[in-house]
Amino acid sequence: MSTAFGLGHVSASYVNLLFDWLAAAHPQLLLRMPYNRPQAGELNRIDVQTWAEMLEWVHQQLGDPAMPLHIAATVRPANMGLLGYVASCCNNLGEAFARLQQFEGLVYSVNALTVVSVEERLVLRWDKARGRPGHWVDSLAIAVLVAFTNRLIEHPVYPIRVQFINPSPCNAMDFEAFFHCKVAFGGEFTEVEWPAALLQTPLKSPDQVMRAMLDAQAEALLRQVRASEEGIPGFQRALQEAIGSGQPTLTEVAKRLCISSRTLQRRLLEQGYSFRDELERVRIEMAQRCLEAGELSLSDIANLLAYNDQSAFTHAFKRALGQSPAKFQRAKRQSALKGP
């Protein structure tokens, strides 16, 4: 297994998929597991190298090359954390894949996802810019993507092609049976290719309340600062999108604006702005709307806004507004009960 890791993490809810599977299929092995089950609100993210080591340890104990496929088959929306909520907002698979590109970093932040349209096909593509986490990590991630997609819709759909960047394993036929299509290995990219027509496939039961809440956040930010009024056109939107993607950095925002980081930094300074201050302002505004809606836990909001953990979110909120997120939410609820 490769050890060339860059920065990256997976969410605790995603890691719990492994523990849930072991509890159901191999309870005796779970008792010997040398890693602790991560708890929501205590440990929200696991670094990729630790995650790879967990999977490698389980494989060494079981000796089952189809292990990642068995684990992925048991995925539930809860294992996808906030992305599970976001996906449930969508009307069809096309919208769900667009949300996946935006929020993937909340669940699986390794190599960035790129969506490419090729004739009548849609290709989801991951490169190796941040390193190669290895066969177990990649295989489970792609198998979870397909299995979770089928959790969202009435009748199962499958890709027309899957390709992994890793060398072919000894059980390539198991992968073709799982994905119901040709699976290649040793490619330049890891890819999942779908017929474009499948994008119109409706979801079982779109969550319109959650959808409206998330869309309202974006609209409210855009109403505050129109592009014509911005010193840096598109900056507010790029900043909000960077937060949503789990990468709220100067470099990421500059990339979305198609300018260099140095140019963005200079333009902000010329207008008397600090990137860090602007980032926190937008984060706090988004947090207030999430808290007012009352649909998400504090841990989920922290993840949505790409804080390192719930504690960091709480400190930032209190520093900005003088009260904790929980106190703010209670006050809003009490005010709503009293009415006008």
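Check the entry above for the structure.
Everything numeric here is computed off the predicted structure, so don't read it as measured data.

What counts and how
- Residues numbered from 1 in each chain as written.
- Predicted model: local features only at pLDDT ≥ 70, side-chain atom pairs only at ≥ 80, totals over all residues.
- Heavy atoms only, no water.
- Helix = DSSP H or I, 4+ residues; strand = E, 2+ residues; numbered from the N terminus.
- Buried < 20%, exposed > 50% of the residue type's maximum accessible area, 1.4 Å probe, protein only.
- Areas by Shrake-Rupley, 256 points an atom, 1.4 Å probe, with all protein chains shown as cover.
- Pairing = 2+ DSSP bridges.
- Axes fitted to C-alpha atoms, helices over the stretch in contact; angles between N-to-C directions.
- Polar contact = N/O pair within 3.5 Å; in protein donor to acceptor, adjacent residues only side chain to side chain.
- Contact = heavy atoms within 4.5 Å.
- Salt bridge = Lys/Arg side-chain N within 4 Å of Asp/Glu carboxyl O.
- Phe/Tyr/Trp six-rings, centres within 6.5 Å; stacked < 30°, edge-to-face > 60°.
- Lys NZ or Arg CZ within 6 Å of the ring centre and 35° of its normal.
- Parallel < 35°, antiparallel > 145°, perpendicular 65-115°, else oblique.
- Nonpolar A, V, L, I, M, F, W, Y, C, P; charged D, E, K, R; others polar.

**Student:** Account for the overall build of the protein chain, with residues named and values stated.
**Tutor:** Broken down by element type, the protein chain carries 16 helices and eight strands. By the burial criterion, 49% of the 340 residues in the protein chain qualify as buried. Roughly 16100 Å² of accessible area belongs to the protein chain as shown, and the carbon and sulfur atoms make up 51% of that amount.

**Student:** Any chance you could break down the sheet that holds strand β8 (residues 190–195) for me, citing the residues and the numbers?
**Tutor:** Taken in spatial order, the five strands make up an open sheet running β4-β5-β8-β6-β7, and their pairing is mixed. Two strands bound the open sheet, and with one partner strand each, they are β4 (113–118) and β7 (182–184). Here the average twist between neighbouring strands, direction ignored, is 15 degrees. Pairing of strand β6 (residues 161–163) with β7 involves three bridges; the strand directions are parallel. Considered in β7, the bridge of Arg-161 is made with Lys-182.

**Student:** Can you lay out the side chain of Thr-201 for me, pointing to particular residues and giving the numbers?
**Tutor:** On the secondary structure map, Thr-201 appears in the loop between β8 and α9 (208–224). Among the polar contacts listed, one links the side chain of Thr-201 to the backbone oxygen of Leu-198, at a separation of 2.7 Å. With residues up to four places along the chain from it excluded, the contact list for Thr-201 reads Asn-91, Asn-92, Leu-93 and Ile-153.

**Student:** I'd like a description of the pattern of salt bridges, backed by residues and values.
**Tutor:** Applying the stated criterion across every chain yields a total of 14 salt bridges. Of the charged contacts in the structure, one is a salt bridge between Arg-125 and Glu-191, with a shortest N-O distance of 2.5 Å. Taken as a pair, Arg-125 in strand β5 (residues 121–126) and Glu-191 in strand β8 lie far apart in primary sequence, 66 residues in all. Since its relative accessible area comes to 24%, Arg-125 is described here as partly exposed. Glu-285 serves as the salt-bridge partner of Arg-281, at 3.1 Å between the closest nitrogen and oxygen. Of this pair, Arg-281 and Glu-285 both sit in helix α13 (residues 275–293), four residues apart, which is roughly one turn of the helix.

**Student:** Tell me about the packing of aromatic side chains, and please be specific about residues and values.
**Tutor:** Summed over all chains, the structure comprises 11 aromatic pairs. With a centroid separation of 5.4 Å and 70 degrees between ring planes, the pair formed by Phe-317 and Phe-328 is classed as edge-to-face. Here the residue Phe-317 occupies a position in helix α15 (residues 310–321), and Phe-328 occupies one in helix α16 (residues 325–338), the gap between them amounting to 11 residues. As far as burial versus exposure is concerned, Phe-317 and Phe-328 are alike and both buried. Over the face of the ring belonging to Phe-189 we find Arg-125, whose NZ or CZ atom lies 4.8 Å from the ring centre. Above the face of the Tyr-307 ring, Arg-283 is positioned so that its terminal group lies 4.0 Å from the ring centre.

**Student:** Go over the pairing of β5, please, and point to the residues and values.
**Tutor:** In this sheet, β5 lies alongside β4 in antiparallel orientation, the contact comprising six bridges. Its bridge partner being in β5, Val-118 is matched across the sheet by Arg-121. Counting the residues between successive antiparallel strands, the hairpin from β4 to β5 contains two residues, one of them, Glu-119, with a positive phi of roughly 55 degrees.

**Student:** Give me the environment of Gln-61: which residues, what numbers.
**Tutor:** In this fold, Gln-61 is placed in helix α3 (residues 48–62). The class of Gln-61 is partly exposed, set by a relative accessible area of 34%. In this structure, the C-alpha to C-alpha distance between Gln-61 and Met-33, residues 28 residues apart in sequence, is 9.9 Å. When sequence neighbours within four positions are dropped, the list of residues in contact with Gln-61 reads Leu-29 and Arg-32.

**Student:** Provide a residue-level description of the packing of α13 against α15, including the pertinent values.
**Tutor:** Closest axis-to-axis distance for the α13/α15 pair is 10 Å, and the angle between their directions is 100 degrees. One finds that α13 runs roughly perpendicular with respect to α15. Note on element contacts: α15 touches α13 through Phe-313, Ala-316, Phe-317, Arg-319, Ala-320 and Leu-321, opposite Glu-280, Ile-284, Ala-287, Gln-288 and Leu-291. Taken together, the residues that form the contact of α13 with α15 break down as eight nonpolar, one polar and two charged.

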